[in-house]
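Coordinates in review
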Amino acid sequence: DAEITQSPRHKITETGRQVTLACHQTWNHNNMFWYRQDLGHGLRLIHYSYGVHDTNKGEVSDGYSVSRSNTEDLPLTLESAASSQTSVYFCASSEGTGSYNEQFFGPGTRLTVL
Amino acid sequence: DQQVKQNSPSLSVQEGRISILNCDYTNSMFDYFLWYKKYPAEGPTFLISISSIKDKNEDGRFTVFLNKSAKHLSLHIVPSQPGDSAVYFCAASALNAGGTSYGKLTFGQGTILTVHP
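Here the structure is a predicted model, which is why all the values come from computation and not from measurement.

Cut-offs used in this document
- Residues numbered from 1 in each chain as written.
- Chains lettered and ligands numbered in written order.
- Predicted model: local features only at pLDDT ≥ 70, side-chain atom pairs only at ≥ 80, totals over all residues.
- Heavy atoms only, no water.
- Helix = DSSP H or I, 4+ residues; strand = E, 2+ residues; numbered from the N terminus.
- Rg over C-alpha atoms; globule rule 2.2 N^0.38 Å.
- Buried < 20%, exposed > 50% of the residue type's maximum accessible area, 1.4 Å probe, protein only.
- Contact = heavy atoms within 4.5 Å.
- Core = buried A, V, L, I, M, F, W, Y, C linked by side-chain atoms within 4.5 Å.
- Buried area = accessible area lost by both parts, 1.4 Å probe.
- Salt bridge = Lys/Arg side-chain N within 4 Å of Asp/Glu carboxyl O.
- Polar contact = N/O pair within 3.5 Å; in protein donor to acceptor, adjacent residues only side chain to side chain.
- Phe/Tyr/Trp six-rings, centres within 6.5 Å; stacked < 30°, edge-to-face > 60°.
- Patch = residues over 30% accessible without salt bridge, like charges linked within 9 Å, V, L, I, M, F, W, Y side chains within 5 Å.
- Areas by Shrake-Rupley, 256 points an atom, 1.4 Å probe, with all protein chains shown as cover.

Digging into the overall build of chain B
Tallying secondary structure elements over chain B gives 0 helices and 11 strands in all. Secondary structure elements of chain B, listed N to C terminal, follow the sequence β-β-β-β-β-β-β-β-β-β-β. Over its C-alpha atoms chain B spans a radius of gyration of 14 Å, differing by no more than 12% from the 13 Å that the globule rule assigns to 117 residues. Expressed as lengths along the three principal axes of its C-alpha atoms, the size of chain B is roughly 50 × 30 × 25 Å. Across the 117 residues of chain B, 44% fall into the buried class. In chain B, the proportion of contacts linking residues at least 24 apart, taken out of those at least 6 apart, comes to 57%.

Digging into the nonpolar core
Residue and element names in this part refer to chain B. Grouped together as the largest cluster of nonpolar side chains are 23 residues, with contacts concentrated most on F33, W35, L73, L75 and Y88. Only β3 (19–25), β4 (30–38), β5 (45–51), β7 (62–67), β8 (72–77), β9 (86–94) and β11 (111–116) provide two or more residues apiece to this core. Here this core takes 4 residues from β9, the largest share from any one element. Setting aside chain neighbours within four positions, we find Y88 in contact with Q6, L21, W35, Y36, K37, L47, L75, I77, G110, T111 and L113.

Focus: the side chain of S51 of chain B
The residue S51 of chain B is located in strand β5 in this model. Those residues in contact with S51 of chain B that sit more than four places away from it in its chain are Y100 of chain A together with D31, Y32 and L66 of chain B.

Topic: the interface of chain B and chain A
In this assembly, 25 residues from chain B lie in contact with 25 residues from chain A. Taken together, both faces of the contact between chain B and chain A bury some 2000 Å²; the carbon and sulfur share is 61%. At the junction of chain B and chain A, the tally comes to 0 salt bridges. Counting the contacts that link chain B with chain A gives 2 residue pairs in polar contact (both at pLDDT 80 or more). With 5 residues, the single largest contributor to the side of chain B that touches chain A is β4 of chain B.

Here we look at unusual backbone geometry
Between S7 of chain A and P8 of chain A the backbone carries a cis peptide bond, its omega angle lying at -5°. Note that P8 of chain A resides in the loop between β1 (4–7) and β2 (10–13).

Describing the packing of aromatic side chains
Within the structure shown, the criterion is met by 15 aromatic pairs over all chains. Between the aromatic rings of F89 of chain B and F107 of chain B, the centroid separation amounts to 6.3 Å while the plane-to-plane angle is 90°, which identifies the pairing as edge-to-face. Placement of F89 of chain B in strand β9 and of F107 of chain B in strand β10 (residues 105–107) is noted, with a sequence separation of 18 residues between them. Note on accessibility: F89 of chain B and F107 of chain B belong to one class, buried. These aromatic residues form a ring-pair network of at least three members: F33, Y35, Y48, Y50 and F105 of chain A together with Y36, F46, F89 and F107 of chain B.

Some remarks on a nonpolar patch on the surface
Residues and elements named next belong to chain B. Together, I18, I20 and V78 make up an exposed nonpolar region whose accessible area comes to about 230 Å². Along the chain, the position of I20 falls in strand β3. I20 gets classed as partly exposed once you look at its relative accessible area, which sits at 36%.

Here's what the structure looks like:
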């Protein structure tokens, strides 16, 4: 069965370190998204990609970067982790264009920055 | 600027009764609305959706109502079951100037639903 996976599921790191969160989908979807979930804010879009070599900034992109070298993967990098980036991170993917596309979510990565 | 708002952080309901979760939006360009359900330690899963050309969509125990003039939608769960206890997110999508959106979603803050046996 097609799926979307994230690794690691839990990560503890120190302020200033570079961290990369992995996202891998086997749906063969063109569109991939990264969100963070924080109490009182719901899910906020960090970065998204509509295809290989395409990346776009979301509403909370500062301090994060992504790259898309193939269809299946969209790794999220925190260049220099900050305590404000302690959060739960979700990757999602969807197919095609237009509004009527459901997003499929991964299980999430809980990141703690000390 | 929160374009999608869920003003009730939590809702508690007795098993068998109706649960009504509300969502308001400000962007008149939104043309597709979705509800996602999220259990602890899992990713959100799609529950039900409605396009702006409709005012109601029903799927089993779940019904979504859309009031475009009020920029308001609601999710009704009847009858509520303990397994429905989860966080519910409202989300919206808009076509961009080129007529596509690639499914980019704007989410509300979520409502924690607790259904008591």
